[in-house]
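Spelled out from the first residue to the last, the chains are:
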Amino acid sequence: MSESLVEQGAVTQMADEPIIFCQNVNKWFGEFHVLRDVSLEVMPKEVVVILGPSGSGKSTFIRCINRLEEHQEGQIIVDGMELTHDVRNIAAIRREIGMVFQQFNLFPHKTVLENITLGPMKVRHWPRDRAEAKAQELLNRVGIPEQAAKYPGQLSGGQQQRVAIARALAMEPKIMLFDEPTSALDPEMIKEVLDVMKELARSGMTMLVVTHEMGFAREVADRVIFFDHGRIVEQGTPDYFFEEAQHERTKLFLSQIL
Amino acid sequence: MSAISQPSRSIIPAFLRDSRVLQVIGQIIFLILLVLALSQLVAGVNEQLQAKNLTPNFSFLNNPAGFDIGEKPDWYTRDNTYLEAFIVGVTNTLRVVSVGLVATTLLGILFGIFLLSNNWLLRTISRAYVEILRNTPLLVQLFAWYFIVMFSLPQIRDAIAFPQEGRAFIAVRLLLYVVVYFAMRRYVRPFSVDAPRRIALTYGTITTIVAAELAFHFLPESYGDLTNVSFLAYAAVSIVGFVVAWFYLHGNLRWPILGVVGGQFLAGLLFYFGVLPNSGFRLDVYPAIYISIRGFAFPEILPTNRFVAWAVFVTVGLVLAGIMWGYFGRITETTGRVIPRGRYALLAIIGFTVAGWLLVGIEPLPTQVPVDQDGTIVLMPLEEARTQDLLSAEDVRLYSTQPILLTLPQERRNRGGVLTGFNNATQISPEYMALLLGLVIYTSAFIAEIVRAGIQAVPRGQIEAARSIGLSTAQTLNMIVLPQALRVIIPPLTNQYLNLAKNSSLALAIAFADMFQIMTTTMNQSGQSVTGITIIMIGYLTMSLVISLVMNLVNSRFQLVTR
Ligand SMILES: Nc1ncnc2c1ncn2[C@@H]1O[C@H](COP(=O)(O)OP(=O)(O)OP(=O)(O)O)[C@@H](O)[C@H]1O
Ligand SMILES: [Mg+2]
């Protein structure tokens, strides 16, 4: 059954097909049930913001989408490819998904330029010229064109996170995952990162964003999803979510955070 | 109006209140005091030594040493000078330290990786290894290696030979198993991409081989006989097992057990249809290593007169490989085309090595050679001279088509047929072996910890970031993990290298003739202790500085730039 689904996805992918398809995804850490029957469809160009209390499984869920974590039950299909143990599928899917982490995770022994060109050159086999031109273009886009030759340790947190976004974009992904990209930043640097993300959303990138920035969610999100205890409790448009949320747990969360 | 208030006036001129000037002045004063103190010390010591007639003097080094050395090259006798004895000692120290550094690094890396293993047994064993070795004194360990391990080796007449002399039988079916294994990997695995079926396949392959071997050993009477009772029982067990596993087992056990019964069935078919060939081929085996209380005898490696010509080929191969590596690397960078440059470079090296070996051997040997027979030079056929053992060492090197001769140790026996020693062997003394093993194993425990800590120092996020931009496991290891781990590993590793080099002076305790032991004897005999200690300190200092220098060069490649 799983195979027929994959084939359908690969052959008849159309604009109104979901680019991410999750069905009844379950995951355990030992005895601990982190994800419970999570089902979600994300359309191309959609921006989905994931909210939820700490420890509710938000990070675990988006990390399952590019297989940094393995799910144990259910199905995840990304861009027509199902995530299985097949290493070729995993590699192909990772090429299509960029990820930005809370702690930036830039490579400290490589310059900003090398950080960005590494993926395109080693994975996509681009010539150096092309990779460097792309890197420079992306550095312009995230607003730090003059930092190419520096090392990550010489940049501010906000600049580092923007380099991390450029590094993910350099692979020309179809989907971008953000795991609390602004949580490790000082308040004055949060805006510069959010601005880059807003611009990215407007340019039509499919995005899954875990964040506590409610302003960002209201302004940019097409859909807001609320996680609690490994379950999707409630979802809807930002207007619905922030004004008319039904679920007790959601209301409690919103009352604490707003 | 200036808003900056002037400091209050003072009798001390302004430049003397400048912190930069004060720093320089402080350093100059310190230097003057240091020189004064040192010169006082040296003058005082000199006076004392002169009074006792012990002034440092290097001329005694040219006097004959008069003592023999346990571990020495052929040219050394008791008539050689102290200086020459010392050179023998330096050589011995370098032999231990150079081999020791390489071996301890390899062993340390291995155990460092084991310490991080997911396998409980491996992790626990290596943890015990590290804790026992680094928490007992090296001197005690050296005594254990020498007085317990080495002294329990057999007398030379009963030397342990490895491998045992005799015939080896290599069964053809063992080769068949290898073929089966690679065929499975190449042709079957790609079709079964998901984990359960791959697990079944792995278990199946292993079972096929094990079951076929067992059948071969325990049911030989039924080989190739389809009507045999044991075949029918074998088939029944397989089929029942398969049916049970297929219909009644679910969960974790299902696929492994299906693999096992499937493999058993396949093995049974191969066996009973007589597909497994029964034959094999024989090889003559001669011992290459002898171990006894007198030491270790290894095969001798002898470069012949054609060695240089062959070395030229090898060098050309290496240079070519280097050029190709760089050139293909640049092509990949500029065009993005992927070229397996490692494979090409390896091919160049192997190609030139083999071609050189063959080409060098083309020139034929003379059929008649002049040999010295009882004082007169006579011509005789080469083969005859060889069998009569009339060729000198020089001749052996001259009359060989190979660039390198590898000769196995030849047993030397007395009239009674008792083994007394070996010819044509590289001999290693038990003292050298004990010191080497002691130093290598002791230091490897520390290196294992350093390697473990270095790898753990790379944050998990680095690996996740690398995987998320699509790098493979190997690329992640090479480009992200190792460079960052080495940055943490190299400085403490340098310390361990220095420790090994300096600890080699413990050779004294087990009577290995290293430079310290020889210098101790020299000082006892000549009474020149000040000179002796000075020389020995310069010796170890030089060795340590060379190691530090090399390691600092390596280290500078892995420095991080930060704010
Ligand atoms: N590798 C792991 N092993 C065991 N438990 C884990 C592991 N990773 C996460 N967990 C647990 O799983 C739960 C969900 O973690 P997750 O990081 O997904 O939460 P989160 O919603 O992202 O929280 P936060 O907002 O604090 O980042 C937590 O209780 C966490 O302790
Ligand atoms: Mg999280």
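Residues numbered from 1 in each chain as written. Chains lettered and ligands numbered in written order. Predicted model: local features only at pLDDT ≥ 70, side-chain atom pairs only at ≥ 80, totals over all residues. Heavy atoms only, no water.

Caption draft 1: Structural detail: helix α4 (residues 112-122) of chain A. Counting buried residues in α4 of chain A gives nine out of eleven residues, a clear majority hidden from the surface. Of the residues making up α4 of chain A, those classed as buried are V112, L113, N115, I116, T117, L118, G119, P120 and M121 of chain A. Taken together, the buried residues of α4 of chain A touch α5 (128-141) and α6 (157-169) of chain A together with α9 (307-335) and α15 (473-503) of chain B. (Buried < 20%, exposed > 50% of the residue type's maximum accessible area, 1.4 Å probe, protein only. Helix = DSSP H or I, 4+ residues; strand = E, 2+ residues; numbered from the N terminus. Contact = heavy atoms within 4.5 Å.)

Caption draft 2: Summary view of the sheet that holds strand β3 (residues 47-51) of chain A. Residue and element names in this part refer to chain A. Taken together, six strands build an open sheet; the order of strands is β6-β7-β8-β3-β9-β10 and the sheet is mixed. Among the strands making up the open sheet, the edge pair consists of β6 (97-100) and β10 (231-236). The sheet shows a mean angle of 20° between the axes of neighbouring strands, taken without regard to direction. In terms of strand pairing, strand β9 (residues 223-228) meets β10 through five bridges, oriented antiparallel. (Pairing = 2+ DSSP bridges. Axes fitted to C-alpha atoms, helices over the stretch in contact; angles between N-to-C directions.)

Caption draft 3: Here's a closer look at the nonpolar core. Of all hydrophobic cores here, the largest spans 56 residues; its most connected members are F67, I69, L435 and I547 of chain B. Secondary-structure elements contributing two or more residues to this core are α2 (82-115), α4 (138-149), α13 (430-456), α15, α16 (515-526) and α17 (529-556) of chain B. For this core, the leading source of residues is α13 of chain B, giving eleven residues. Core analysis: the second largest hydrophobic core is formed by 49 residues, L185, M189, A201 and F253 of chain A among them. (Core = buried A, V, L, I, M, F, W, Y, C linked by side-chain atoms within 4.5 Å.)

Caption draft 4: Representation of the pairing of strand β5 (residues 295-303) of chain B within the structure. Residues and elements named next belong to chain B. By the bridge criterion, three bridges tie strand β4 (residues 289-292) to β5 in an arrangement that is antiparallel. Looking at the pairing, S292 lines up with G295 of β5. Linking β4 back to β5 in an antiparallel pair, the connection comprises two residues. Taken together, the four bridges between β5 and strand β11 (residues 425-428) define a ladder with antiparallel strand orientation. Within the sheet, the bridge partner assigned to F296 lies in β11 and is I428. As paired elements, β5 and strand β8 (residues 404-407) share four bridges and run antiparallel to each other. Looking across to β8, one finds that I301 is bridged to L406.

Caption draft 5: Structural detail: the site of ligand 1. Residue and element names in this part refer to chain A. Every residue close to ligand 1 is listed here: F29, F32, V34, P53, S54, G55, S56, G57, K58, S59, T60 and E180. Measuring from an oxygen atom of ligand 1, one finds a backbone N or O atom of G55 at 2.8 Å. Within the backbone of S56, a nitrogen or oxygen atom sits 3.2 Å from an oxygen atom of ligand 1. Relative to its unbound accessible surface of 630 Å², ligand 1 loses 58% to contact with the protein. Contributing elements (two or more residues each) for the shell around ligand 1: β2 (32-42) and α2 (58-65). (Near = heavy atom within 4 Å. Polar contact = N/O pair within 3.5 Å; in protein donor to acceptor, adjacent residues only side chain to side chain. Areas by Shrake-Rupley, 256 points an atom, 1.4 Å probe, with all protein chains shown as cover.)

Caption draft 6: Region of interest: the environment of I28 of chain B. Locating I28 of chain B in the fold gives a position in helix α1 (residues 19-51). With 53 residues separating them along the chain, I28 of chain B and T81 of chain B place their C-alpha atoms 46 Å apart.

Caption draft 7: Expanded view of the interface of chain B and chain A. Each partner contributes to the interface: chain B provides 29 residues, whereas chain A provides 33 residues. Of the roughly 2,700 Å² buried at the junction of chain B and chain A (both faces included), carbon and sulfur atoms supply 60%. Summed over the shared surface of chain B and chain A, the number is six residue pairs in polar contact (both at pLDDT 80 or more). Residue contributions to the side of chain B that touches chain A peak at seven residues, all from helix α14 (residues 460-468) of chain B. The class makeup of the residues in the side of chain B that touches chain A is 13 nonpolar, ten polar and six charged. (Buried area = accessible area lost by both parts, 1.4 Å probe. Nonpolar A, V, L, I, M, F, W, Y, C, P; charged D, E, K, R; others polar.)

Caption draft 8: Looking closely at unusual backbone geometry. The omega angle of the peptide bond from F162 of chain B to P163 of chain B is -10°, so this bond is cis rather than trans. By the element assignment, P163 of chain B lies in the loop between β1 (160-162) and β2 (166-171). The phi dihedral of R67 of chain A is positive, around 65°, even though this residue is not glycine. Owing to a relative accessible area of 8%, R67 of chain A belongs among the buried residues under this scheme. Despite not being glycine, H229 of chain A has its phi angle at roughly 45°, a positive value. Along the chain, the position of H229 of chain A falls in the loop between β9 and β10. In this structure H229 of chain A comes out as exposed when scored by relative accessible area, which is 59%.

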